[in-house]
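Chains, contacts and geometry: an overview
Read off the chains here:
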Amino acid sequence: MAEMMARRIEELQTPAFVVDLPKVQNNAAAMIERFRNTGVRLRPHMKTHKTVECADIMTGGSRRCIVVSTLAEAFFYAEHGFDDILYAYPLPVDKLARCAELAQRLALFHVLVDSVAALQELRNTPLTGGKLWSVWLKLDCENKRAGVPHDDPAALDLAKAISESPGVELTGVYAHCGNSYDCTGLEEIHAVAQATTTATLRFMDKLKAAGISCPVSSIGSTPSCSHPVTDMALLSEVHPGNYVFYDVQQSLIGSCRLEDVAVRVLTRVIGHYPHRNQLLVDCGWTGLSLHSLGRLDTGYAVIDGHPELRLIGMTQEHGRIEPVSGQLEFEKFPLGSMLAIIPYHSCATAAMHPVYFVHSNGEIEATWKPTRGW
């Protein structure tokens, strides 16, 4: 209730996850325009924020053509009038009945497979009323997480099996160029984007040569889609997600500038410890996550406006801050004073918070409540 009474972000109880609405709108608009100009469909990923309001911004209000990473997200968006939802996760057998529920309910609900075993589960669970399972083949283009390696003959065999299966149709090929997260700078981003695009398009050519119908080719990651290569115009669609918030990691990769990052975690000073030259703040890993593992020069994150400080450690509800060098000027940070932390990974940090405080120039305009669970 106290948070609802706050009019400015400075009045919030901390730790608090705050979202700069104009930056979100600018980040989303830039991505929409970028791919509108190339004639490639944008299918934004919802995993970073998992809210209706941000999804509306990313889809331009259409509530169509999105990607989710959990079934909880899929149901959440379906319940809010979204359609054409791709569940971009290797088909979980324990959730097959619930997938079927969405496939029957929505005009377009797509599932992802990367094995004959998963395909067999779909064959064993036919939809009713003349509906077909809309299946996307997950291709691994050197990301080395999920998917069939793009140059493995098994990928073409699986595509053929999908296309020949009763009750199933091959809708798309999906590749995530998550290896772009290892990049530093535009040249490396372009190299990964080009390699993923080339591998995907070559696989589409193989499908065509084999007489296998598959209308959609889709790749994505925030770095590659923030700086697309020319050949990406030959794809059907792209599916980035993190770009709507961005984060410190993306700024280091070269996806964005630090000033494009739309989110902060607000925290307050709760202790002075001159004997160890440290401040204590009320944001621990439950408010920020430990994703960076403290590898930054500034520790676990970046403290906005204070390059002289670093967040060197966190426990569940506490954070320890010390100067990069020299003695800490404690009088500049009295008890109760507020600091704003720019998260290393906004997806991981957002997942720690049950509500986001959305503001313009510090004035709170709304609260967004994400869906949670799997």
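Reference entry: report on the structure contained in this document. Worth saying up front: this structure is predicted, and the values here are computed from it rather than measured.

1. Some details on the overall build of the protein
Along the backbone of the protein there are 12 helices and 18 strands. For 374 residues, the compact-globule estimate of 2.2 N^0.38 gives 21 Å, and the protein sits close to it at 22 Å. Seen through its C-alpha atoms, the protein measures out along the principal axes to roughly 75 × 45 × 35 Å. The long-range fraction of contacts in the protein, counting pairs at least 24 apart against all pairs at least 6 apart in sequence, stands at 67%. Per element, the accessible surface of the protein, about 15800 Å² overall, is 53% carbon and sulfur. The centroid of the 33 positive side-chain charges in the protein is displaced by 3 Å from the centroid of its 41 negative side-chain charges.

2. Section: the pattern of salt bridges
The tally for this structure, following the rule as stated, stands at 15 salt bridges. Arg8 is the salt-bridge partner of Glu10, the closest N and O atoms lying 3.2 Å from each other. Owing to a relative accessible area of 29%, Arg8 belongs among the partly exposed residues under this scheme. Of the charged contacts in the structure, one is a salt bridge between Arg43 and Asp84, with a shortest N-O distance of 3.0 Å.

3. Focus on the environment of Asn143
Locating Asn143 in the fold gives a position in the loop between strand 6 (133-140) and strand 7 (148-149). A relative accessible area of 17% means that Asn143 is categorised as buried. C-alpha separation for the pair Asn143 and Val192, spaced 49 residues apart in sequence, amounts to 9.7 Å. Setting aside anything within four residues of it in sequence, one finds Asn143 in contact with His176, Gly178 and Asn179.

4. Some points on the nonpolar core
If you look at the biggest cluster of nonpolar residues, it comprises 109 residues, and the most contacted ones within it are Ile85, Phe109, Trp133 and Phe245. The element best represented in this core is helix 8 (residues 186-209), accounting for eight residues. Ala16, Val355, Phe357 and Ile364 belong to the second largest nonpolar core, which has 10 residues in total.

5. Some words on the pairing of strand 14 (residues 309-314)
Summarising the sheet, strand 14 and strand 15 (residues 319-323) pair through five bridges and their orientation is antiparallel. What sits directly across from Leu309, in strand 15, is Pro323. Between the antiparallel neighbours strand 14 and strand 15 lie four residues.

6. Remarks on the packing of helix 4 (residues 71-79) against helix 5 (residues 96-105)
The geometry of helix 4 relative to helix 5 is characterised by a closest axis approach of 11 Å and an angle of 25° between their N-to-C directions. Judged on the interaxial angle alone, helix 5 and helix 4 are roughly parallel. Helix 4 and helix 5 meet at a crossing whose hand is left-handed. Counted together, Leu71, Ala74, Phe75, Ala78 and Glu79 of helix 4 and Arg98, Cys99, Glu101, Leu102 and Arg105 of helix 5 form the full contact between these two elements. Within the contact of helix 4 with helix 5, the residues separate by chemical class into six nonpolar, no polar and four charged.

7. Things to note about the environment of Ser325
Structurally, Ser325 can be placed in the loop between strand 15 and strand 16 (338-342). Here Ser325 falls in the exposed class, since its relative accessible area comes to 60%.

8. Re the packing of aromatic side chains
Under the counting rule described, the total for this entry stands at seven aromatic pairs. Where Tyr77 meets Phe82, the ring centres are 5.0 Å apart and the plane angle is 70°; that geometry is what we call edge-to-face. Accessibility classification places Tyr77 together with Phe82 in one group, the buried group. Ring geometry for Tyr87 and Tyr89: centres 6.2 Å apart, planes at 10°, overall stacked. Residue classification places Tyr87 among the buried residues on the basis of a relative accessible area of 2%. Overall, Tyr89 belongs to the partly exposed group, its relative accessible area being 45%. Of the aromatic side chains, those joined through ring pairs into one cluster are Phe17, Phe245 and Tyr356. The aromatic ring of Tyr273 is capped on one face by Arg276, whose charged end is 4.3 Å from the ring centroid.

Calculation notes
- Residues numbered from 1 in each chain as written.
- Predicted model: local features only at pLDDT ≥ 70, side-chain atom pairs only at ≥ 80, totals over all residues.
- Heavy atoms only, no water.
- Helix = DSSP H or I, 4+ residues; strand = E, 2+ residues; numbered from the N terminus.
- Rg over C-alpha atoms; globule rule 2.2 N^0.38 Å.
- Contact = heavy atoms within 4.5 Å.
- Areas by Shrake-Rupley, 256 points an atom, 1.4 Å probe, with all protein chains shown as cover.
- Lys, Arg positive; Asp, Glu negative; His and termini not counted.
- Charge placed at Lys NZ, Arg CZ, Asp CG, Glu CD.
- Salt bridge = Lys/Arg side-chain N within 4 Å of Asp/Glu carboxyl O.
- Buried < 20%, exposed > 50% of the residue type's maximum accessible area, 1.4 Å probe, protein only.
- Core = buried A, V, L, I, M, F, W, Y, C linked by side-chain atoms within 4.5 Å.
- Pairing = 2+ DSSP bridges.
- Axes fitted to C-alpha atoms, helices over the stretch in contact; angles between N-to-C directions.
- Parallel < 35°, antiparallel > 145°, perpendicular 65-115°, else oblique.
- Left-handed = near helix turned anticlockwise from the far one by under 90°.
- Nonpolar A, V, L, I, M, F, W, Y, C, P; charged D, E, K, R; others polar.
- Phe/Tyr/Trp six-rings, centres within 6.5 Å; stacked < 30°, edge-to-face > 60°.
- Lys NZ or Arg CZ within 6 Å of the ring centre and 35° of its normal.

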